[in-house]
Amino acid sequence: MSTGGKTFAWIAGIAVLALAAFIFFKFCFVYSEGVNEGDINYFQKEGFIFKTYEGKMIQTGLKNSKVQGSIQSNEFKFSVVEERVAKQLNEGPNTGVKLHWKRYLGTLPWRGNSQFIVDSVYVTSPR
């Protein structure tokens, strides 16, 4: 193999490794994980080609502003991959739930529309 062929092989190999590292960190690496608590606003299965479970949680709290005691609500948009978790959200209560999630840096069409993937549900208040 000539010097030009070896150089091309090295550059191609490095490019393939860089692409593999990018794909891993963008779509497979768990960037963060945590728990959010609140009330489920909606939860549905949607999509044209890839049917995914998508939901939104409302988290209420006191707003830190000039107006004393004002209430703010935050929206937490999430996706669910596992049927077991989707069944829990469909059949469980809509209020007082904790969702454990993992955050990825990128989205995949078969994993959902959100970077936040819920993997377990905990009920915090009785029906």
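Our subject is the structure listed above.
The following paragraphs examine the structure supplied in this document.

On to the overall build of the chain, then. Looking only at helices and strands, the chain has two helices and five strands in total. For the chain, the N- to C-terminal ordering of α and β elements is α-β-β-β-α-β-β. In the chain, which comprises 127 residues, the proportion classed as buried is 31%. Sequence-distant contacts, at least 24 apart, represent 55% of the contacts inside the chain between residues at least 6 apart. Taken as a whole, the chain presents about 8800 Å² of accessible surface, with 59% of it coming from carbon and sulfur.

Turning our eyes to something else, we now look at the side chain of Asn36. Note on placement: Asn36 falls in strand β1 (residues 30–46). One polar contact links Asn36 to Trp101, side chain to side chain, over a distance of 2.9 Å. Dropping the residues within four chain positions of it, Asn36 is found in contact with Met57, Gln59, Phe76, Val97, Lys98, Leu99 and Trp101.

A separate point is the packing of aromatic side chains. Summed over all chains, the structure comprises ten aromatic pairs. On the numbers, 6.2 Å between centres and 45 degrees between planes, the contact of Phe76 with Trp101 is tilted. Of this pair, Phe76 sits in strand β3 (residues 71–80) while Trp101 sits in strand β4 (residues 97–104), and the two are 25 residues apart along the sequence. Residue Phe76 is classed as buried on the basis of its relative accessible area of 6%. Between the aromatic rings of Trp101 and Phe116, the centroid separation amounts to 5.0 Å while the plane-to-plane angle is 85 degrees, which identifies the pairing as edge-to-face. Taken together, the residues span a long stretch of sequence, with Trp101 in strand β4 and Phe116 in strand β5 (residues 116–123) at a distance of 15 residues. The structure contains a cluster of three or more aromatic residues connected by ring pairs, namely Phe43, Tyr53, Phe76, Phe78, Trp101 and Phe116. Cation over ring: Arg111 sits above Tyr104, and NZ or CZ is 3.9 Å from the ring centre.

This brings us to the nonpolar core. In this structure, Ile40, Phe43, Phe78, Val80, Leu89 and Leu99 are the most contacted members of the largest nonpolar core, which totals 15 residues. Of all the secondary structure elements, the ones that give two or more residues to this core are β1, β2 (52–62), β3, α2 (83–91), β4 and β5. Those residues in contact with Leu89, other than ones at most four positions away along the chain, are Ile40, Phe43, Phe78, Val80, Leu99 and Val121.

Rules used throughout
Residues numbered from 1 in each chain as written. Predicted model: local features only at pLDDT ≥ 70, side-chain atom pairs only at ≥ 80, totals over all residues. Heavy atoms only, no water. Helix = DSSP H or I, 4+ residues; strand = E, 2+ residues; numbered from the N terminus. Buried < 20%, exposed > 50% of the residue type's maximum accessible area, 1.4 Å probe, protein only. Contact = heavy atoms within 4.5 Å. Areas by Shrake-Rupley, 256 points an atom, 1.4 Å probe, with all protein chains shown as cover. Polar contact = N/O pair within 3.5 Å; in protein donor to acceptor, adjacent residues only side chain to side chain. Phe/Tyr/Trp six-rings, centres within 6.5 Å; stacked < 30°, edge-to-face > 60°. Lys NZ or Arg CZ within 6 Å of the ring centre and 35° of its normal. Core = buried A, V, L, I, M, F, W, Y, C linked by side-chain atoms within 4.5 Å.

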